[in-house]
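Residue-level structural notes
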Amino acid sequence: MAVTRYLAVFTSDKTGPRWAAWRAMTPEQQDETAARGVAAVKAWEEAHKDDILYVGGPLGPTKRIGADGAVEDIVNLLTVFMVVKAESHEAAVRLFDGHPHMSIFVCDGVEVMPVLGD
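Across all of its chains, the model carries 4 aromatic pairs by this definition. Arranged with centres 6.5 Å apart and planes meeting at 55°, the rings of Trp22 and Phe105 form a pair that is tilted. Highlighted residues: Trp22 in helix H1 (residues 17-24) and Phe105 in the loop between helix H4 (100-103) and strand E6 (109-114), separated in sequence by 83 residues. Here Trp22 matches Phe105 in class, with each residue buried. Summarising the aromatic geometry, the rings of Tyr54 and Phe81 are spaced 5.9 Å apart at their centres and angled 35° between planes, so their arrangement reads as tilted.

Have a look at this one:
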């Protein structure tokens, strides 16, 4: 089976309970959790380095332009992205099972889709 590129987008409901719990932490607790999370993400990336085509990174504030040309600030679920390779869609999504962004940080899922074309 051919290896395909997949875009993985981590999602997080910025109004949901995971963010509420994060905001309820003291700054020291947030720093401690973030340090633990960053170390875990780096370890995950090292363990999957042969599958990662582009490590991507966190996504910032979003602006949207509509068909009418109007620009607006919006909030969506998109939080972090990366591009991976895998032999199947299922294999690509399974790479993220137990990922630290969901087990330590506030992401609630990863949406994985094939990148079509060249």
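Still to come is the rest of the account.
Take the sheet that holds strand E5 (residues 78-86) next. The strand order E2-E5-E1-E6 describes an open sheet built from 4 strands, whose pairing is antiparallel. A single partner strand is all that each edge strand has here, and the edge strands are strand E2 (52-58) and E6. Taking the axes of each pair of neighbouring strands and ignoring which way they run, one obtains an average angle of 15° across the sheet. Here 8 bridges tie strand E1 (residues 4-11) to E5, and the two strands are oriented antiparallel to one another. Looking at the pairing, Val9 lines up with Phe81 of E5.

What follows covers the pattern of salt bridges. The tally for this structure, following the rule as stated, stands at 3 salt bridges. In this structure, Glu46 engages Lys49 in a salt bridge whose closest nitrogen and oxygen atoms are separated by 2.9 Å. Since its relative accessible area comes to 47%, Glu46 is described here as partly exposed. Salt-bridge contacts for Lys63 lead to Asp73; the nearest nitrogen and oxygen are separated by 2.6 Å. Of this pair, Lys63 sits in strand E3 (residues 62-65) while Asp73 sits in strand E4 (residues 71-74), placing them 10 residues apart in sequence. Taking the relative accessible area as the measure of exposure, Asp73 reaches 60% and is therefore exposed.

Thresholds applied
Residues numbered from 1 in each chain as written. Predicted model: local features only at pLDDT ≥ 70, side-chain atom pairs only at ≥ 80, totals over all residues. Heavy atoms only, no water. Phe/Tyr/Trp six-rings, centres within 6.5 Å; stacked < 30°, edge-to-face > 60°. Helix = DSSP H or I, 4+ residues; strand = E, 2+ residues; numbered from the N terminus. Buried < 20%, exposed > 50% of the residue type's maximum accessible area, 1.4 Å probe, protein only. Pairing = 2+ DSSP bridges. Axes fitted to C-alpha atoms, helices over the stretch in contact; angles between N-to-C directions. Salt bridge = Lys/Arg side-chain N within 4 Å of Asp/Glu carboxyl O.

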